[in-house]
Amino acid sequence: MVGSIDNDFCGTDMTIGTDSALHRIIEVIDAIMTTAQSHQRTFVLEVMGRHCGYLALVSALACGADWVFLPESPPEDGWEEQMCVKLSENRARKKRLNIIIVAEGAIDTQNKPITSEKIKELVVTQLGYDTRVTILGHVQRGGTPSAFDRILASRMGVEAVIALLEATPDTPACVVSLNGNHAVRLPLMECVQMTQDVQKAMDERRFQDAVRLRGRSFAGNLNTYKRLAIKLPDDQIPKTNCNVAVINVGAPAAGMNAAVRSAVRVGIADGHRMLAIYDGFDGFAKGQIKEIGWTDVGGWTGQGGSILGTKRVLPGKYLEEIATQMRAHSINALLIIGGFEAYLGLLELSAAREKHEEFCVPMVMVPATVSNNVPGSDFSIGADTALNTITDTCDRIKQSASGTKRRVFIIETMGGYCGYLANMGGLAAGADAAYIFEEPFDIRDLQSNVEHLTEKMKTTIQRGLVLRNESCSENYTTDFIYQLYSEEGKGVFDCRKNVLGHMQQGGAPSPFDRNFGTKISARAMEWITAKLKEARGRGKKFTTDDSVCVLGISKRNVIFQPVAELKKQTDFEHRIPKEQWWLKLRPLMKILAKYKASYDVSDSGQLEHVQPWSV
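Nothing here was measured: the structure is a model prediction, and the numbers come from that model.

K.L.:
How should helix α7 (residues 207-214) be read in this particular structure?
P.N.:
Residue pairs three or four apart in sequence face the same way in an α-helix, which turns once every 3.6 residues. Turning to α7, its buried residues are Phe207, Ala210, Val211, Leu213 and Arg214. Buried residues of α7, seen end-on, are gathered within an arc of 165 degrees and therefore sit on one face of the element. Packed against the buried residues of α7 are α6 (188-203) and α8 (216-229). Phi turns positive one or two residues past the end of α7, at glycine 215, with a value near 110 degrees.

Below, the structure written as structure tokens:
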């Protein structure tokens, strides 16, 4: 298993520790942004990565930096002037701060180092801007691991043990790695060879090869960053004369704003006129629709909640009014960012196509909800931030419990009927049990958990942590479980309960949610552009199922699935998908809490080969 904050190992999307390092970097950038804005300053931030620009690239993407320097993709000759032009343009657009991110191994096309001091001198002498350098250094290696890293490391650890148990003396040494949301095994020597090839390509100044060898997600990040950071002059963008509207639906989720920013900028770069719909379908029906420009969404990536405003209202009862607004603003395509309500809304709009031809346009939904309960995607925007909130809170609570000794905490999480947050929060925080709706439990299970905790109190770890999803059972409420544990634990342990509530919906988005929101929304916009291109000049109406889709991550791919097909996979009564990937990780939490449980290995990876990726 690869543990490295640089994410510099070929063959895996993420190494263990990278996400936590990004958390440290983003915390610093968020803090710097507030001081830079009040002082109108330029900041040059140096992040780790001697031979790999992953941290620099992803943090630039996550904060919308003005410029980024990477070892794999040096700036073209004459970059000094280009960068100064870009900085002064941004100042002219009333942007009060400039952020430049530099990987410590940044080089120019001649392989000469580009240092943060050199960049500072350049900005000061050429532009006379007040400029400061911040070198993050070893802060990036420290701090508590993020929720993503804890779960990634737990999953990889299991996969590694299974790989060892299945291996024979002839099996080649392998690396357990992550591809999308899928654990895979790759031959160690192939990965090492490819990692060395990247360095060789950089030494030989074959920089395009270096980016290609870094793999799919690195190249994708670089392309997305370039599209979102640099706007071509208006007269250089061929206009499509199409209007594309963006709307937020459902409860707020951290990362929604990053998704809106990305959609707006990709849309404008593709030549569309972008419209923002305020306050969900409610606002849509009332005509709260305005054009939104490139600079209007500046600085949105780091903002929590939903700036456009979002509501749970469904379009069903406003179909007439919404159709009228679609016609009045001649909306040619619709991008919906939201949770289960967005999914239901998309189904309603799709069903209304026969009656209202205005809805015969490409429509795509990007899942954004803390509950992570949208069919068609393993992840939704906002769930990672909520998971980090839960994990942080559990860490603090465990600390308080270890001070008082012999105390069990019962913590209630959000998620509707979907147990994702309770289950994954339990895995990340090292809980003793997590009660969820998907796995029915009865009084015998509660009793065995109490007995288990009683035994645990006899050991050196005299504290317990139990998570409960808010809707896991109608009668076994948080109060009931608290009272049961208090009664049964008398004389052995005492109990406290804690309902986390709406703090799970708030807060600044985590690096994962900023990037996931940015990338998936850009991908949705590309799909809309491709659909509109097909129909151009033919005045074609979109009536087929494949023009109303949910975009999601499924195992290792980003895929568009027609809502009509997803209907079969949905439990509408409980607002969850019928099959959920993370339920396979349930036994892992039990094993780690010292319960006897069996782990299903039928899905474990076979040894594959490293695929070099073509740009």
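K.L.:
Explanation requested: the packing of α8 against helix α17 (residues 511-535) in the structure shown.
P.N.:
Each packed pair of helices is defined by two parameters, the angle between the axes and the distance between the axes. Between α8 and α17, whose axes approach to 11 Å, the crossing angle comes to 75 degrees. Our classification of the angle between α8 and α17 gives roughly perpendicular. Contact residues: Asn221, Thr224, Arg227 and Leu228 in α8; Thr518, Lys519, Ala522 and Glu526 in α17. Looking at the contact of α8 with α17, its residues break down into 2 nonpolar, 3 polar and 3 charged.

K.L.:
It is not clear to me how the packing of aromatic side chains should be interpreted in this structure. Could you clarify?
P.N.:
Under the counting rule described, the total for this entry stands at 16 aromatic pairs. Between the aromatic rings of phenylalanine 69 and tryptophan 79, the centroid separation amounts to 5.1 Å while the plane-to-plane angle is 75 degrees, which identifies the pairing as edge-to-face. Linking phenylalanine 69 in strand β2 (residues 67-69) with tryptophan 79 in helix α3 (residues 79-92), this pair joins segments that are 10 residues apart in sequence. Looking at phenylalanine 69, the relative accessible area reads 0%, which means it is buried. With a centroid separation of 5.0 Å and 65 degrees between ring planes, the pair formed by tyrosine 417 and phenylalanine 437 is classed as edge-to-face. Here tyrosine 417 is found in the loop between β12 (407-413) and α14 (420-429), whereas its partner phenylalanine 437 is found in the loop between β13 (433-435) and α15 (443-456), with 20 residues between them in sequence. Every member of this aromatic cluster is reached through a ring pair, and the members are Phe148, Phe379, Tyr420, Phe512, Phe516, Trp581 and Trp582. Directly above the aromatic system of tyrosine 129 lies the positively charged group of arginine 91, at a separation of 4.1 Å from the ring centroid. The aromatic ring of tyrosine 278 is capped on one face by lysine 290, whose charged end is 5.2 Å from the ring centroid.

K.L.:
Hey, could you run me through empty space enclosed by the protein in this one?
P.N.:
It is the rolling of a water-molecule-sized probe over the atoms that shows where space remains empty. The full count for this structure, using the stated rule, is 1 cavity of 30 Å³ or more. Of the voids in this model, the largest cavity is the one considered here, and its volume is about 50 Å³. Met1, Val2, Thr12, Met14, Thr15, Ile16, Leu152, Met156, Val176, Ser177 and Leu178 together form the lining of the largest cavity. Within the residue set of the lining of the largest cavity, elements represented by two or more residues are α5 (147-166) and β5 (174-179). Here the element with the most residues in the lining of the largest cavity is β5; it accounts for 3 residues. Class assignment for the residues of the lining of the largest cavity results in 8 nonpolar, 3 polar and no charged.

K.L.:
Teacher, can you tell me more about the environment of proline 113 here?
P.N.:
With respect to the helices and strands, the residue proline 113 is situated in the loop between β3 (98-103) and α4 (116-127). Along the backbone, proline 113 and cysteine 10 are 103 residues apart, and their C-alpha atoms lie at a distance of 23 Å. Not counting the four nearest positions on each side in its chain, proline 113 is found in contact with Ala106 and Ile107.

K.L.:
I'm lost on the pairing of strand β10 (residues 333-338) in this one. Help?
P.N.:
Two faces, one strand: in a regular strand the side chains alternate between the faces of the sheet. Along β10, 6 of the 6 residues are buried, which leaves the element largely enclosed by surrounding structure. In β10, alternate side chains face the same way, and those of Ala333, Leu335 and Ile337 on one face and Leu334, Ile336 and Gly338 on the other are all buried. Both strand β7 (residues 243-249) and β10 contribute to a ladder of 6 bridges, which runs parallel. Paired with valine 249 across the strands is glycine 338, a residue of β10. Sheet topology places β10 next to strand β11 (residues 363-367); 5 bridges connect them, and they run parallel. Counted as the bridge partner of leucine 335 is valine 364 from β11.

Conventions we followed
- Residues numbered from 1 in each chain as written.
- Predicted model: local features only at pLDDT ≥ 70, side-chain atom pairs only at ≥ 80, totals over all residues.
- Heavy atoms only, no water.
- Buried < 20%, exposed > 50% of the residue type's maximum accessible area, 1.4 Å probe, protein only.
- Helix = DSSP H or I, 4+ residues; strand = E, 2+ residues; numbered from the N terminus.
- Arc of directions from axis to C-beta.
- Contact = heavy atoms within 4.5 Å.
- Axes fitted to C-alpha atoms, helices over the stretch in contact; angles between N-to-C directions.
- Parallel < 35°, antiparallel > 145°, perpendicular 65-115°, else oblique.
- Nonpolar A, V, L, I, M, F, W, Y, C, P; charged D, E, K, R; others polar.
- Phe/Tyr/Trp six-rings, centres within 6.5 Å; stacked < 30°, edge-to-face > 60°.
- Lys NZ or Arg CZ within 6 Å of the ring centre and 35° of its normal.
- 1 Å grid on protein atoms, 1.4 Å probe; cavity = no way out; pocket = protein on both sides within 12 Å on 5 of 7 lines; lining within 4 Å.
- Points joined across faces, edges and corners; volume = space filled by probe spheres on them.
- Pairing = 2+ DSSP bridges.

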